[in-house]
Amino acid sequence: MPRAARSISRPLAVVWFLVIAILLFIYRTYTPNPKASMATSSKLSEGLHDYLKYVPVIYLHDDEEFFPSNMADFLLYVEPYLGLEPLKHAHDRQLTLDNVNQLNNFGDRGTNVFLTSRDDPSTYPSWMQGNKPSTAGRSDAVVPVVFVKRTIEDKQGQDIQVVDMFSFYFYHFNAGPRLPKKSSQFFGDHIGDLEHSIVRFRDGKPETIFLSRHASASIHTYESTQKLGSRPILFAGKGTHALYGIEGNHEYIMEDKDSTVILDYTSKGTLWDPSKNLWVYELSPEQMALTAIEPSDAPTSWYEFAGIWGDKTYKEDDPRQDVVCGVPKWVNGPAGVPYKIIARISPGMNQPEKVPVSEPSVLVKRPWGT
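The sections below set out a description of the structure shown in this document. Keep in mind that what you see is a predicted model, and the values were worked out from it rather than measured.

A tally of regular secondary structure across the protein gives six helices and 22 strands. Out of the 370 residues belonging to the protein, those deemed buried represent 49%. Surface summary for the protein: the accessible area is close to 19,100 Å², and the carbon and sulfur share equals 53%.

Right under this line is the structure:
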């Protein structure tokens, strides 16, 4: 090789060496270590990951038609209304979980905004069917799990620390009860359905579990529940998705109970394992502020929406509307997650044995099914 070529190649080699060294430094500095990332993502705030092994599993009825759903998907099929009238100024934007809270700028700070179906619900469009879980129990429907740490009084009036683990189960549609002898007669159908359970922990151990259903609920000791490993087993009513602790038929409490018997039907049908698809959050009970834990970029704006996740009750003169057993056929969709949490961090949840008989929440100490 000529001397001139050698004199040029040596500086080039030095330059290339420096370039490669710099690139390696940048790569190692700014590229996440997979093991470190895994460790960070699996370590929830203040050990909350220890509680996730108690996330309930749910059995849906054998004949269920309306399965779990994503709130994000739901927004693709609805548009904002003020009561029963379209919200004109908000119709041009596509709603997402990151901007739905902007609807709080309309009406009465968003409280009278209804996410109303674009389709006629009485035609039962296919999107209302949701996402049937796989044979392994996984559904595409994400379940938000919200942890609330707070201080309550025990039976002796002493302050104690508890952790409430809320799990929220969303469905595109709630099929209300059908009359046993005339299935064409029903009441309580509504677009959007939001059920929830709460596992309460004291000293890191599960103590009680709260189950929502219709306008009522029940509170049970953790020991009394059926379990899959450490996880409570719940049963969702066919169509209504009301939560129970044992399969079988469950009677509604109707005003005209002597003449009308209405049942919720549950069975050990399709297994839904929410732990396979979670968003985990922590809530400050003082500010009612939601913080995403895992994934850390999980959306939070949906939580701030103050309106209703579904249609408003149709008027009496609407051809779809009727009254059955004293209840309209078509009723309001559900209020959002904040309303559920506010309603449950109350004295009735703190000391369920003190809840009056007229209230829906009761403490059941006996094993379910006995």
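What follows continues from the structure just given.
This brings us to the sheet that holds strand E3 (residues 85-86). Either a parallel or an antiparallel arrangement is found when strands of a sheet pair, and the pairing is made through backbone hydrogen bonds. One open sheet holds the three strands; their spatial order is E3-E2-E4, and the pairing between them is antiparallel. Single-partner strands in this sheet number two, and they are E3 and strand E4 (113-117).

Before going further, it helps to examine the packing of aromatic side chains. Inspection of every chain in the model, using the stated rule, returns 22 aromatic pairs. Relative to tryptophan 309, the ring of phenylalanine 74 has its centre 6.3 Å away and its plane inclined at 40 degrees; by these criteria the two rings are tilted. Highlighted residues: phenylalanine 74 in helix H3 (residues 71-74) and tryptophan 309 in the loop between helix H4 (301-304) and strand E20 (323-324), separated in sequence by 235 residues. This pair shows no difference in class: phenylalanine 74 is buried, exactly as tryptophan 309 is. Considering the side-chain rings of phenylalanine 186 and tryptophan 330, the 6.1 Å spacing of their centres and the 85 degrees angle between planes classify their relative orientation as edge-to-face. Of this pair, phenylalanine 186 sits in strand E8 (residues 182-186) while tryptophan 330 sits in the loop between strand E21 (327-328) and helix H5 (337-344), and the two are 144 residues apart along the sequence. One exposure class covers both phenylalanine 186 and tryptophan 330, and it is buried. Linked through ring pairs, Phe66, Tyr124, Phe173, Phe186, Tyr314 and Trp330 together constitute an aromatic cluster. Geometry around phenylalanine 186 places arginine 178 over its ring, the cationic atom sitting 4.1 Å from the centre. Here arginine 320 stacks its cationic end above the ring of tyrosine 314, 3.9 Å away from the centre of that ring.

Another aspect to go through is the pattern of salt bridges. One pass over the structure, following the stated rule, counts ten salt bridges. Ionic pairing is found between glutamate 282 and lysine 149, a salt bridge with its closest N-O pair at 4.0 Å. Taken together, the residues glutamate 282 in strand E18 (residues 278-284) and lysine 149 in strand E5 (residues 143-153) connect sequence positions 133 residues apart. The buried category is assigned to glutamate 282, whose relative accessible area is 17%.

Our next topic: the pairing of E8. Where strand E7 (residues 178-179) and E8 come together, two bridges link them in antiparallel fashion. Residue pairing for E8: leucine 179 is matched across the bridge by lysine 182.

Here we take up the nonpolar core. Within the largest apolar cluster, 46 residues are counted, with the highest numbers of intra-cluster contacts made by Leu103, Leu115, Val146, Trp302, Trp309 and Ile341. By residue number, the principal contributor to this core is strand E6 (residues 159-174), which donates four residues. Each residue touching leucine 103, except ones within four places of it in the same chain, is listed here: Pro80, Leu87, Ala90, Leu95, Gly110, Val113, Leu115 and Phe305. Formed by 27 residues, the second largest nonpolar core is a distinct cluster that contains Leu48, Tyr54, Ile58 and Tyr222.

Moving on, we get to the environment of valine 55. By the element assignment, valine 55 lies in the loop between helix H2 (34-42) and strand E1 (57-60). Given a relative accessible area of 0%, valine 55 falls into the buried group. For valine 55, the residues in contact, after removing those within four places along its chain, are Met165, Ser167, Arg231, Pro274, Ser275 and Leu278.

The side chains of a regular strand alternate, first on one face of the sheet and then on the other. The element E4 is largely enclosed, with a buried count of five among its five residues. Here E4 shows no split at all, with Val113, Leu115 and Ser117 on one side and Phe114 and Thr116 on the other all buried. Bridge count between strand E2 (residues 78-82) and E4: five bridges; the pairing is antiparallel. Across the sheet, valine 78 pairs through a bridge with serine 117, a residue of E4.

Thresholds, definitions, all that
Residues numbered from 1 in each chain as written. Predicted model: local features only at pLDDT ≥ 70, side-chain atom pairs only at ≥ 80, totals over all residues. Heavy atoms only, no water. Helix = DSSP H or I, 4+ residues; strand = E, 2+ residues; numbered from the N terminus. Buried < 20%, exposed > 50% of the residue type's maximum accessible area, 1.4 Å probe, protein only. Areas by Shrake-Rupley, 256 points an atom, 1.4 Å probe, with all protein chains shown as cover. Pairing = 2+ DSSP bridges. Phe/Tyr/Trp six-rings, centres within 6.5 Å; stacked < 30°, edge-to-face > 60°. Lys NZ or Arg CZ within 6 Å of the ring centre and 35° of its normal. Salt bridge = Lys/Arg side-chain N within 4 Å of Asp/Glu carboxyl O. Core = buried A, V, L, I, M, F, W, Y, C linked by side-chain atoms within 4.5 Å. Contact = heavy atoms within 4.5 Å.

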